[in-house]
Amino acid sequence: MLRVGSRAACVACRNLVANNMGVRFRIPLQKLHPLSRAIHHRYSGNGNPQRPPHRTAARYFTSMSRLPMRPPKPPPGSGGHGYQQQRNFWVARLAARLLKLRYILLGSAVGGGYTAKKTYDEWKEMLPDFSEYNWVIPDFVWELSEQIDLDKLAKALPEMEEIAKLLPDFDKIGENFTFLKSLLTSGVSLGSEVKGASGLHLLLETSGDPPLKATDSSAAVAHEAGDKQYKKSSDKEKIDQLQEELLRTQLRYQRMLERLEKENKELRKVVLQKDDKGIHQRKVKKSLIDMYSEVLDILSDYDANYNTQDHLPRVVVVGDQSAGKTSVLEMIAQARIFPRGSGEMMTRSPVKVTLSEGPHHVAMFKDSGREFDLTKEEDLAALRHEIELRMRKSVKEGQTVSCETISLSVKGPGIQRMVLVDLPGVISTVTTGMATDTKETIFSISKAYMQNPNAIILCIQDGSVDAERSIVTDLVSQMDPQGKRTIFVLTKVDLAEKNLASPSRIQQIVEGKLFPMKALGYFAVVTGKGSSAESIDSIKDYEEDFFQNSRLLRDGMLKAHQVTTKNLSLAVADCFWKMVRESVEQQADVFKASRFNLETEWKNNYPRLRELDRNELFEKAKNEILDEVISLSQVTPQHWESILQKKLWERVSTHVIENIYLPAAQTMDSGTFNTTVDIKLKQWTDKQLPHKALEVAWETLQEEFARFMAEYKGKDQDDIFDKLKEAVKDESIKRHKWNERALDSLRVIQHNALEDRSITDKPQWDAAIQFMEETLQSRLKDTESVIKDMVGPDWKERWLSWKNRTPDQHIRNETKNELDRLLKLHDEHTAYLANDEVTTVRKNLEARSVEVDPMLIKDTWHQLYRRHFLQKALSHCNLCKRGFYYYQRHFVDSELECNDVVLFWRIQRMLVITANTLRQQLTNTEVRRLEKNVKEVLDDFGEDMEKKTQLITGRRVQLAEDLKKVREIQEKLEAFIEALHKEK
């Protein structure tokens, strides 16, 4: 530096500054004018020969190292006024110097800031482009802005001190990157050095670009000697260290994201539990998958006669038996919801699981209102037991699997929305206890679901077994040869890594190079250690720890986005909704066309009839049947009693004539007659009569019920209800049982009625005579008809109608003629033939060349004697019409005895009283019980869809059913499409 002032040695330098400066200051030599600097070096004097001129001139100086020198005192001859003035203002000069310090401090601050900024820019330039590290962060992180409301999460973020603890060691990373940059600038290509280490390989070699190489070949040659100083071992250590650091960084970010997701779940749960105000958009998203699931449930029950196939998307989970299908599905649903077994077939029918978001983790069946809390172990056990029962119930006798679908919905915070169908595992051999067609049935069920062109196939492969043993991969290749809708999942990767001698085999599988099948994506997952007692959280922790320490991920055999069931569920959900958006409108158009065809057919075939489906027709028939049952209560008492009396006498008249009246009439006097009648009536009442009466009453009720149904049918009855009404009637009668207490009371009433022999007036006597006469005439007519059938046509019919007798009729006719002669000789003959009389008749017939059996003689005698007896009884009945006077005198001093009239009067009175009692029982109790039975039967039939299908059939019914289903599907699809567009 130069000293400038009154003592400046160089005139040229002195001219560059003001002449009146009173302080000394230094100017760097580099800032002088070149000409001045040259003059200075040439002419300036050097007082110190030991110091070079350049060092003297360029000496460093700070503002606080030395105070400026005082100006020299004036010479004595110049006067002292100026000096005194300068001494008087020393305070002002000191203050001015102190004020200059603020400028010095301000300049220092500005200079330090500029230096710090320059240092930061240089350090920043040293770092590589972090855009190449995008693969470290999972794909779903880039979708956080769409899935998570960051404004609401801002308040929930942790403190900066906590986040700082999670950040990586940037000092070490900086050192590693400095070393990496030095290698790159020196011309060393690391592509060949890190071959197989996928982490750095991805950093250095992106898809479509060649590996990074030194661009300056001359620089590479220049530093070749310096590169040899680094040993390969140290390079490998640096690279491995960098890889481990990157993996640790990735895992730290993963844990941080999981923590944020957990907090986000809690916030979403609180939001979903709030009122509907302000969350309408969230409510649409929540119910969207439920709307879609309802359409699939309807389609599963729809029998399309117009070949309208179900091509709506769903995720079909297929795999070999025990490959881990159910475990993967449970990890996606975040609950252990399926029954488990060791090696045995547990999935015996398709299970459709609808996953959706909700505030609580619950599960519910489609046809049940019970909610299972999946956070409670007892509810989980009950759910697994219910699924197992439904599976076994759906399997028909003699079968092992069923095609009947069990529909289940699972809701919970953070669950991905989709519809999955878990199918029975594919088997290669039918074992003992299975049906012979089990293998073919499973294949047909799997093909039926996979042949849907819009179904997403989730192919599950067991990684712990040889890939060559897989059966399902060939099946999937047949259904989706291009792999446009297949996602391949390799399970049990932990066991595969442990057992396989060559881990690169796993890499070949997940890259699609080992199997002939193609797929949209390949995933590797771990679903636990194989224990049924493991929880979902413990399985997640185990899966995370495994992939964190696994060489498969560390060596680049697997990529970060290809592992864990969480990434799998996100990918499957994305594919599912993409497929839904692409195909749902096309399917809606298909059902719209089917609806038009069905409506056209109905208009042409049933123009005047309403479109009533099977359930609506059943309700209509149910109302008609109940109206008919109610009509029974409107039957008049006189009608009931008349029918009951008539039917009861038809039922018991044969017994009265054959077993009571006829044996009693064989007695010789009235006392014996009455005694025999009393005994016979008592026995009859105790054993048979009450039961016969109840049977008659029940049959009468049935006949009246059928009569009302027939009369109703004649009005506006639809023939389509005939089978249903007949089945309801039969089942109601089958269930109906008469009150047993009525039997005992009826027996007492009938016994008292038959014991009464007092006829009080002439009209009662005349009524008994009339009843007796009508009965005897009816019996006589029936007997003569029987005899006519036995002997064949008489001579008139033979001559006029050209009819002939059969050989049997000829024998019976000859026997009849012989017995008629016997009755004429013995008018008072008893009811039975003696053995000698039978022999005599047979010999007489043999004399006329007629061979006859003794049993035939007795049978013919029975009918002839009945006719003879009835004819005599009718004659006696006519005589007793005038016998009421003698009856009042107890037939004293009279040859006329009319005890048989009294018997018929007792029977008649018993019939009247019994009919009245039964009528009361019917109207007061049994009709109501029948109504109850009919309602119960109708209710049971109404709950049994199979029964209704059997009883209400026909093209009209099926067409109405199809119309209803297609309309419902179309309406729900249109509502779903509208909600889907709103969500976009």
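Here the structure is a predicted model, which is why all the values come from computation and not from measurement. (Residues numbered from 1 in each chain as written. Predicted model: local features only at pLDDT ≥ 70, side-chain atom pairs only at ≥ 80, totals over all residues. Heavy atoms only, no water.)

**Details of helix α23 (residues 565-605)**
Across its 41 residues, α23 extends 55 Å between first and last C-alpha, which sits within 8% of the 60 Å expected from 1.5 Å per residue. Of all the bends found along α23, the most pronounced is centred on Ser583 and spans about 40°. (Helix = DSSP H or I, 4+ residues; strand = E, 2+ residues; numbered from the N terminus. Expected span 1.5 Å × (residues − 1). Bend = angle between axes of the 7 residues up to and from the residue.)

**Focus on unusual backbone geometry**
The backbone of Gln334 sits at a positive phi, close to 65°, despite the residue not being glycine. Looking at the secondary structure, you find Gln334 in the loop between α15 (325-333) and β2 (351-357). Even without being glycine, Thr564 reaches a positive phi, approximately 75°. Structurally, the position occupied by Thr564 is in the loop between α22 (551-554) and α23.

**So, the environment of Leu662**
Mapped onto the elements of the fold, Leu662 is located in helix α25 (residues 637-665). Along the sequence, Leu662 and Arg866 sit 204 residues apart, while their C-alpha atoms lie 8.7 Å from each other. Every residue in contact with Leu662, bar those within four places of it in the chain, is listed here: Ile657, Tyr865 and Phe869. (Contact = heavy atoms within 4.5 Å.)

**Things to note about the nonpolar core**
In this structure, Tyr661, Trp684, Trp765, Ile907 and Val934 are the most contacted members of the largest nonpolar core, which totals 100 residues. Sorting elements by how many residues they give to this core places helix α36 (residues 899-943) first, with 17 residues. If near-sequence neighbours (up to four positions away) are discounted, Val934 is found in contact with Ile625, Leu626, Val629, Phe705, Val728 and Ser732. Leu288, Leu329, Ile415 and Leu420 belong to the second-largest nonpolar core, a separate cluster that totals 59 residues. (Core = buried A, V, L, I, M, F, W, Y, C linked by side-chain atoms within 4.5 Å. Buried < 20%, exposed > 50% of the residue type's maximum accessible area, 1.4 Å probe, protein only.)

**Observations concerning the pattern of salt bridges**
Counted under the stated rule, the structure contains 43 salt bridges. Of the charged contacts in the structure, one is a salt bridge between Arg614 and Glu961, with a shortest N-O distance of 3.9 Å. Taken together, the positions of Arg614 in helix α24 (residues 614-631) and Glu961 in helix α38 (residues 955-983) put the pair 347 residues apart, joining distant regions of the chain. Accessibility expressed as a relative area gives 6% for Arg614, which makes it buried. Overall, Glu961 belongs to the buried group, its relative accessible area being 11%. Between Asp678 and Arg757 there is a salt bridge, with the nearest N and O atoms lying 3.7 Å from each other. Highlighted residues: Asp678 in helix α26 (residues 670-687) and Arg757 in the loop between α29 (740-755) and α30 (762-791), separated in sequence by 79 residues. Relative accessible area serves as the criterion here: at 28%, Asp678 is assigned to the partly exposed category. Taking the relative accessible area as the measure of exposure, Arg757 reaches 35% and is therefore partly exposed. (Salt bridge = Lys/Arg side-chain N within 4 Å of Asp/Glu carboxyl O.)

**Examining the sheet that holds strand β8 (residues 486-491)**
Taken in spatial order, the nine strands make up an open sheet running β4-β3-β5-β2-β6-β1-β7-β8-β9, and their pairing is mixed. This sheet does not close on itself; its edge strands, each paired only once, are β4 (372-373) and β9 (521-524). As paired elements, strand β3 (residues 362-365) and strand β5 (residues 406-412) share four bridges and run antiparallel to each other. In the sheet register, Val362 faces β5, and the bridge partner there is Lys411. Of the strands in this sheet, β1 (315-319), β2, β5, β6 (418-422), β7 (456-462) and β8 touch α15, which is tilted by about 160° from β6. (Pairing = 2+ DSSP bridges. Axes fitted to C-alpha atoms, helices over the stretch in contact; angles between N-to-C directions.)

**Some thoughts on the pairing of β6**
In terms of burial, β6 is a largely internal element, five of the five residues being buried. Burial along β6 is two-sided: the residues Met418, Leu420 and Asp422 and Val419 and Val421 are all buried. Here β1 runs beside β6; their pairing, made up of three bridges, is parallel. Paired with Val316 across the bridge in β6 is Val421. Here β2 runs beside β6; their pairing, made up of five bridges, is antiparallel. Bridging from a neighbouring strand, Thr354 pairs with Val419 of β6.

**Digging into a nonpolar patch on the surface**
Taken together, Trp795, Trp799 and Leu800 make up a surface patch of nonpolar side chains, about 490 Å² in accessible area. Within the secondary structure layout, Leu800 lies in helix α31 (residues 795-801). Given a relative accessible area of 71%, Leu800 falls into the exposed group. (Patch = residues over 30% accessible without salt bridge, like charges linked within 9 Å, V, L, I, M, F, W, Y side chains within 5 Å. Areas by Shrake-Rupley, 256 points an atom, 1.4 Å probe, with all protein chains shown as cover.)

**A word on the confidence of the model for the protein**
Predicted confidence across the protein gives a mean pLDDT of 75, with 70% of residues reaching 70 or more. The secondary-structure element of the protein with the lowest mean pLDDT is helix α10 (residues 198-204), recorded at 31, while β1 shows the highest, at 92. Counting contacts from residues 1-86, a segment whose pLDDT is below 50, to residues more than four positions away or on other chains yields 66 contacts. pLDDT under 50 marks residues 183-228. Its contacts with residues more than four places away, or in other chains, come to 47 contacts. (pLDDT = per-residue confidence, 0-100.)

**What about the packing of aromatic side chains?**
This model, assessed by the stated rule, comprises 14 aromatic pairs. Between Tyr661 and Phe904, the ring centres sit 5.4 Å apart and the planes meet at 80°, which makes this aromatic pair edge-to-face. Taken together, the residues span a long stretch of sequence, with Tyr661 in helix α25 and Phe904 in helix α36 at a distance of 243 residues. Grouping residues by exposure puts Tyr661 and Phe904 together as buried. By way of ring pairs, the aromatic residues Trp649, Tyr661, Phe771, Phe869 and Phe904 are connected into one cluster. Here the basic side chain of Arg390 rests over the ring of Phe365, its NZ or CZ set 4.0 Å away from the ring centre. Here the guanidinium or amino end of Lys948 rests over the ring plane of Phe618, the centre of that ring lying 5.5 Å away. (Phe/Tyr/Trp six-rings, centres within 6.5 Å; stacked < 30°, edge-to-face > 60°. Lys NZ or Arg CZ within 6 Å of the ring centre and 35° of its normal.)

**Here's the deal with the packing of α30 against α36**
Relative placement of two packed helices is described by the angle separating their axes and the distance separating the axes. Contact geometry of α30 with α36 gives a least axis separation of 8 Å together with a crossing angle of 95°. In terms of axis orientation, α30 runs roughly perpendicular to α36. Within the contact between the two elements, α30 uses Gln764, Trp765, Ala767, Ala768, Ile769, Phe771, Met772, Thr775 and Leu776 and α36 uses Asp900, Val901, Val902, Phe904, Trp905, Ile907, Gln908 and Leu911. For the contact of α30 with α36, the per-class residue count stands at 13 nonpolar, three polar and one charged. (Parallel < 35°, antiparallel > 145°, perpendicular 65-115°, else oblique. Nonpolar A, V, L, I, M, F, W, Y, C, P; charged D, E, K, R; others polar.)

**Structural notes on the side chain of Ser327**
Within the fold, Ser327 resides in helix α15. The class of Ser327 is buried, set by a relative accessible area of 12%.

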